[in-house]
Each structure stands twice: as structure tokens, then as C-alpha cells.
Amino acid sequence: MPESFRNFVGGKENAAVSGRTFENRNPADWDEIVGIFPKSDKSDVGAAVDAAKQAYRSWSLTPAPKRGEIVKRAGDIMVARKEELARDMTREMGKVLLETRGDVQEGIDTAFYSASEGRRMFGVTAPSELRDKFAMSMKVPVGVAGVISPWNFPMAIPTWKIFPALVSGNTIVFKPASDTPKTASTLVEILVESGVPDGVINIVHGGGNEVGTAIVEHTGIDLISFTGSTAVGKKISESASKSLKRVSLELGGKNAEIVMDDANLELALDGILWGAFGTTGQRCTATSRLILHEKIYELFIDMLVERTSRLKLGNGLDESVEVGPCINEAQREKVNSYVEIGKSEGAQLVIGGECAKGGTLDKGWFYKPTIFVDVAPEMRIAREEIFGPVLSVLKANSMEHAIEILNNTIYGLSSSVYTKNVNLAFKAIRDIKAGITYINAPTIGAETHMPFGGVKQTGNGHREGGASAFDFFMETKTVYVDFSDRLQRAQIDT
């Protein structure tokens, strides 16, 4: 019998109020049920919010360094359970063990970094403009945080949100993606084991339309941290604005790698294979466009197609596999629909473009790594996020032309430039409209102590990672202490 899981609210495990459940299946082997989870609704969310509100005062008054120590212990537990967590994640969402181990490691790194920030919540002290008066600012938690996370990084992304939120003194109602509920449940289990008090962390499983919407609309939720599609992010922003909730949105991307004619082509080739087909292209930072200088266009395409043809697809628990499945049937169908769009637009398909079949591949949602060449900037496959193993190749005659092509999209998350010319590199850094730019590296590879996020319709200006993540989860309070023993009127008394 498959294992059954429950919500965790107020320190207790609970089935959904409705009694409904859903199955979580392995996308590489659809016959395998990873677990059965509660299909919750707004009643379950309401109970979680009540528990988080009740726990807030005590948790917010716990000294920040002590909150950090609890998160540090969670990181230690993750270190001890790293291989178990990685293997469960591969079963649950399909990406290969090399990547799921990295996903867990990113959560570990975030735990250790966030724990240390508990001793660095600095305010500002400044001289007052009046005599016998002290001026300072301090950081305080916001309240109850609603955390809504995606399925592609089911450990890393929740920790980017939850660990800073906890160390900052907030309590949490957490809705993980329905495709990856087991990893999320294990994360909450680890936090409880590390010493997080009852009600401080609550997890409610279920779909976005029911659980996600209820979290966004609940008046007891003070802020929302969401990672997902731009279309859903816009709906969340619109809904949350009715109650003036603080909202952090990390949304879509259409990232590009530029390869100039002076680049190390083997290095660029390694970067594009990792960026385009790692996580089966299911990353917001995935390299979905390749912009080649015209002088190396044909040569590099030949190199790329040859290497792509050797990529091994299969179950990610096999250490020799390089590309796993799409997360589910609907996502594979979306990928295939964009392949048909690319064909109809006149792009040339040079490899892939169909579901991967045969043997054990028939059990999962596999799609062959796909490359289109002779792609024009105005084509949909060059402008819209596909979230799958599909790469569009475009041609440029200069760095300026390449940057113009790169910027020609509504998104602005990550970007990459391969060149040995330092002058061109710095022009690219200046002129590319993206939140992240890599020089001589792929578009993926965030580090936990650095800000992560994008511009344009990739987000709403907030950043995850680094100290900037804490800014979202804390308010700044300004404090004045007047010890003059008389009324002083700022901007009036001199």
C-alpha cells in the first residue's frame, strides 16, 4: 500500500476537512504511487492561519539568534539525510540524482546562511537634528506569511522562502506544489525535529485553485511569497492588492545564452547543454534561446546537435541518465504543442521534436531534447516560456545585435554571454535587461548568499537569496527617544 500523508497544522497531523485525497505519482514510472495526500480547501487553510496567528507572538519574541539556531539544526538534519531526500525527490519529480542532490544542498546552504542572518538584523542609528534626542531604526517581523512554491525545485525554493521568514520571526502557512508534496512534507518534518514550535510552520496540501487562492484571499495572511508562472502571478497580485498584502513574485523567464565568435566553444557547448536540458528544461532560469554569432553559427550547431544526440534519457535514479521526464502528461503535451508551433512558424527542427518511446521510457512522460534553428526573434518559440527541453537558435552579427535579440521578450530573469573580450563582456553586463547575467557560464547556477530575481514580467522587484530576502519578510520601524524633558518640534525648532 502506498504511504499516506496529512496536513500539518498547529503541531498536529490532520486529514483534509473534506476527506478528499490525491495521488502523487512518479513521472518516470507512472505506475509507482509515491504517496497519497489530502486534497484540502479553504477550511483547512483557515485552520492553518488560526494556528499561525496564535503562534506568532511567542515566536516573534524569540530572539532572532535563537530562531537562527533552530534553522541551523534543520540544515544539520538535511546534511545527514541528503541522499534520502535526493532519491525521494527524483522519484517525485523526475530530475536526475545529480540535480536533486544539488537541490538538497541548496536548501542546506540556505539554512546555514539564514541562521547566520539572525545575528545581522541591523538597523540604523543616526544623529538627530535636535538636541538630547536619539534616532534609530530596527527590523521587526511582518506576521503570518503565505508561502506558495513550485514543483521544479521542491526543496531549494521552499527553503529560500521559509528559512528567511522563520529567522525573521514570521509564522507560516505553506502550500507546496501538488506534483511534489512529499519533499515538502519531509521539509516540515525536519523543521519540527529541529525545534520549530507548534503553529509556527503549517503545511496544507492541495490544488492552487482551492488552497492557493484561499491563502491569497485570507485576511489573516499578511504577506505572500509565490514562485510560478507569470499568468498566475498576475492573478495573485491583483487579488492580494484588495487587502494591500505584501507580495513577492518570482515568475517566468525566456533566458538566452549569447556565444560570440571569440568564445571558448567547448565551454559554451557544455553550458548550453546544461542550461537547456538540465531539469528537462523545466527551470525558470533554463536556457531556452541560443544566440550565435554568424561566424560560428553553422559550426556550433553541428557541435550542438552531435552532443545532444548522445544525451541519455531515463529514470533519474539511474546514475548514467542525463535527462529525466517532464513533470506530468499535461506539461509534455504543452511542450509538444510548442514544437508544432515552431514548425508552423517556419523554424527548422534539427533534432528531437517528439515523445521519447521504447522500453522503460513508455512508463513516463519523456520528451526528446529538441533544437530549432533559423529561428526569428518574432516567433513564439523565441518569445514565450515553454518550460521543457526545447532550444531555439538565433543568429546575430554583433554583440549589439545579440543583446537586442536577447532583450526582445517580456521576461528578464537570467542571461549568459560567452566571450574572451572584456570590453564586450562589460557592455553586455550594462545593456542586458535581466536580473542575472553570467559571463562564460550558463544561465543557471544561483548562489544562496546572492540576490535572485528578475525584471520586467519576471517578477515585481523583490529578490530571494542573500540579505535582500530578509527585507521582504521584515518591516522597518523607526524609533525616536527624546531625553530633553521638554517639547521639541522637529522641522520647527532650531
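Residues numbered from 1 in each chain as written. Predicted model: local features only at pLDDT ≥ 70, side-chain atom pairs only at ≥ 80, totals over all residues. Heavy atoms only, no water.

**Student:** What is the right way to read unusual backbone geometry from this model?
**Tutor:** What is expected of a backbone is that most residues other than glycine have negative phi and most peptide bonds are trans. One non-glycine residue, Thr-279, adopts positive backbone phi at about 55°. Tracing the backbone through its elements, the reader meets Thr-279 in the loop between helix 9 (265-277) and strand 13 (287-293). Look at Thr-279 and you get buried, because its relative accessible area is 1%. (Helix = DSSP H or I, 4+ residues; strand = E, 2+ residues; numbered from the N terminus. Buried < 20%, exposed > 50% of the residue type's maximum accessible area, 1.4 Å probe, protein only.)

**Student:** Help me understand the sheet that holds strand 6 (residues 133-141), please; the structure alone is not making it clear to me.
**Tutor:** Whether parallel or antiparallel, the strands of a sheet pair through hydrogen bonds between backbone atoms. Pairing in this open sheet of 3 strands is antiparallel, and the strands run 5-6-21 from one edge to the other. The strands lining the two open edges of the sheet, one partner per strand, are strand 5 (125-127) and strand 21 (474-482). Going from strand to strand, the sheet's axes swing by 20° on average, the running direction of each strand aside. Relative to strand 21, strand 6 is paired through 9 bridges, and the arrangement is antiparallel. Looking at strand 21, one finds that Val-140 is bridged to Glu-475. (Pairing = 2+ DSSP bridges. Axes fitted to C-alpha atoms, helices over the stretch in contact; angles between N-to-C directions.)

**Student:** Explanation requested: the sheet that holds strand 13 in the structure shown.
**Tutor:** If you walk across this open sheet you meet the 7 strands as 14-15-16-13-12-18-19, and the pairing is mixed. A single partner strand is all that each edge strand has here, and the edge strands are strand 14 (348-351) and strand 19 (436-439). Neighbour-to-neighbour, the strand axes of the sheet open up by a mean angle of 25°, direction not taken into account. Bridging between strand 13 and strand 16 (residues 390-396) involves 5 bridges; their strand directions are parallel. From the neighbouring strand, Leu-292 faces strand 16, where its bridge partner is Lys-395. Taken strand by strand, helix 10 (residues 297-308) contacts strand 13, strand 14, strand 15 (370-373) and strand 16, and its axis lies near 145° from that of strand 13. (Contact = heavy atoms within 4.5 Å.)

**Student:** Looking at this structure, I do not really get the pairing of strand 8 (residues 171-175). What am I missing?
**Tutor:** For a regular strand, the rule is simple: side chains alternate between the two faces of the sheet. Of all 5 residues that make up strand 8, 5 are buried, and the element is covered over most of its length. Both strand 7 (residues 144-148) and strand 8 contribute to a ladder of 5 bridges, which runs parallel. Pairing of Ile-148 across the sheet is with Lys-175, part of strand 8. A crossover connection joins strand 7 to the parallel strand 8 through helix 5 (residues 156-168); in handedness this β-α-β unit is right-handed. Where strand 8 and strand 9 (residues 201-203) come together, 3 bridges link them in parallel fashion. Bridging from a neighbouring strand, Val-173 pairs with Asn-202 of strand 9. After leaving strand 8, the chain enters helix 6 (residues 181-194) and then returns to the sheet as strand 9, a path that is right-handed. (Right-handed = clockwise from strand over helix to strand, strands pointing away.)

**Student:** Please clarify how the pattern of salt bridges should be interpreted in this entry.
**Tutor:** Oppositely charged side chains may form a pair once their charged atoms are brought near each other. Inspection of every chain in the model, using the stated rule, returns 26 salt bridges. Taking the shortest distance from any N to any O, the salt bridge between Lys-66 and Glu-69 comes out at 3.8 Å. Here Lys-66 and its partner Glu-69 are both found in helix 2 (residues 64-80), 3 residues apart, which amounts to about one turn of the helix. Residue Asp-88 pairs with Arg-91 through a salt bridge whose shortest N-O separation is 3.5 Å. With a gap of 3 residues between them, Asp-88 and Arg-91 both fall in helix 3 (residues 82-93), about one helical turn apart. One connected set of salt bridges, linked through shared partners, spans Glu-32, Asp-88, Arg-91 and Lys-182. (Salt bridge = Lys/Arg side-chain N within 4 Å of Asp/Glu carboxyl O.)

**Student:** Help me out: how do you make sense of a nonpolar patch on the surface in this one?
**Tutor:** Taken together, the side chains of Val-422, Phe-426, Ile-429 and Ile-439 present a nonpolar region at the surface, about 370 Å² in accessible area. With 3 residues, helix 13 (residues 422-431) is the single largest residue contributor to the nonpolar patch. Within the fold, Ile-439 resides in strand 19. Judged by its relative accessible area of 30%, Ile-439 falls in the partly exposed class. (Patch = residues over 30% accessible without salt bridge, like charges linked within 9 Å, V, L, I, M, F, W, Y side chains within 5 Å. Areas by Shrake-Rupley, 256 points an atom, 1.4 Å probe, with all protein chains shown as cover.)

**Student:** Just to check I follow, could you spell out the nonpolar core for this structure?
**Tutor:** Soluble globular proteins: nonpolar side chains tend toward being buried together. Ile-162, Phe-163, Leu-166, Ile-172, Phe-174, Leu-191 and Ile-201 are the most contacted members of the largest nonpolar core, which totals 46 residues. Not counting chain neighbours up to four residues away, the residues in contact with Phe-174 comprise Val-147, Ser-149, Pro-158, Ile-162, Ala-184, Val-188, Ile-201, Asn-202, Ile-203 and Val-204. In this structure, Ile-258, Leu-406, Leu-424 and Ile-432 belong to the second largest nonpolar core, which totals 32 residues. (Core = buried A, V, L, I, M, F, W, Y, C linked by side-chain atoms within 4.5 Å.)

**Student:** Please explain the packing of helix 2 against helix 6 as it appears in this structure.
**Tutor:** For any two helices packed against each other, one specifies the crossing angle of their axes together with the interaxial distance. In contact at an axis separation of 8 Å, helix 2 and helix 6 are set at 125° when each is read in the N-to-C sense. Classified by the angle their axes make, helix 2 and helix 6 are oblique. When the axes of helix 2 and helix 6 are compared, the crossing they make is right-handed. Counted together, Ile-70, Arg-73, Ala-74, Ile-77 and Met-78 of helix 2 and Ile-190, Leu-191, Glu-193 and Ser-194 of helix 6 form the full contact between these two elements. (Parallel < 35°, antiparallel > 145°, perpendicular 65-115°, else oblique. Left-handed = near helix turned anticlockwise from the far one by under 90°.)

**Student:** Is there a simple way to think about the pairing of strand 19 in this case?
**Tutor:** A one-sided burial pattern is seen for strand 19, the buried positions being Ile-436 and Tyr-438 and the unburied ones Thr-437 and Ile-439. Pairing of strand 18 (residues 414-418) with strand 19, which is carried by 4 bridges, proceeds in the parallel orientation. In the sheet register, Ser-415 faces strand 19, and the bridge partner there is Thr-437. A crossover connection joins strand 18 to the parallel strand 19 through helix 13; in handedness this β-α-β unit is right-handed.

**Student:** I keep staring at the environment of His-293 and nothing clicks. Help me out?
**Tutor:** Secondary-structure assignment places His-293 in strand 13. Classification of His-293 as buried rests on a relative accessible area of 7%. Those residues in contact with His-293, other than ones at most four positions away along the chain, are Val-259, Met-260, Asp-261, Ala-396, Asn-397 and Ser-398. A polar contact is formed between the side chain of His-293 and the backbone oxygen of Asn-397, at a distance of 3.4 Å. (Polar contact = N/O pair within 3.5 Å; in protein donor to acceptor, adjacent residues only side chain to side chain.)

**Student:** Please explain the side chain of Asn-170 as it appears in this structure.
**Tutor:** With respect to the element layout, Asn-170 can be found in the loop between helix 5 and strand 8. Within polar-contact distance, the side chain of Asn-170 engages the backbone nitrogen of Val-142 at 2.9 Å. Not counting chain neighbours up to four residues away, the residues in contact with Asn-170 comprise Tyr-56, Trp-59, Pro-141, Val-142, Gly-143, Ala-165, Val-200, Leu-223 and Phe-473.

**Student:** It is not clear to me how the state of the cysteines should be interpreted in this structure. Could you clarify?
**Tutor:** Formally, a disulfide is one covalent bond, and it connects the sulfur atom of one cysteine to the sulfur atom of another. Scanning the model with the defined rule gives 0 disulfides in all. Free cysteine: Cys-284, not disulfide-bonded; nearest cysteine sulfur from Cys-326 at 17 Å. By relative accessible area, Cys-284 is classed as buried at 13%. You can see Cys-355 has no disulfide; the closest cysteine sulfur is in Cys-326, sitting 8.1 Å from it. (Disulfide = S-S within 2.5 Å.)

Fair warning: the whole summary comes from geometry, so function is off the table for now.
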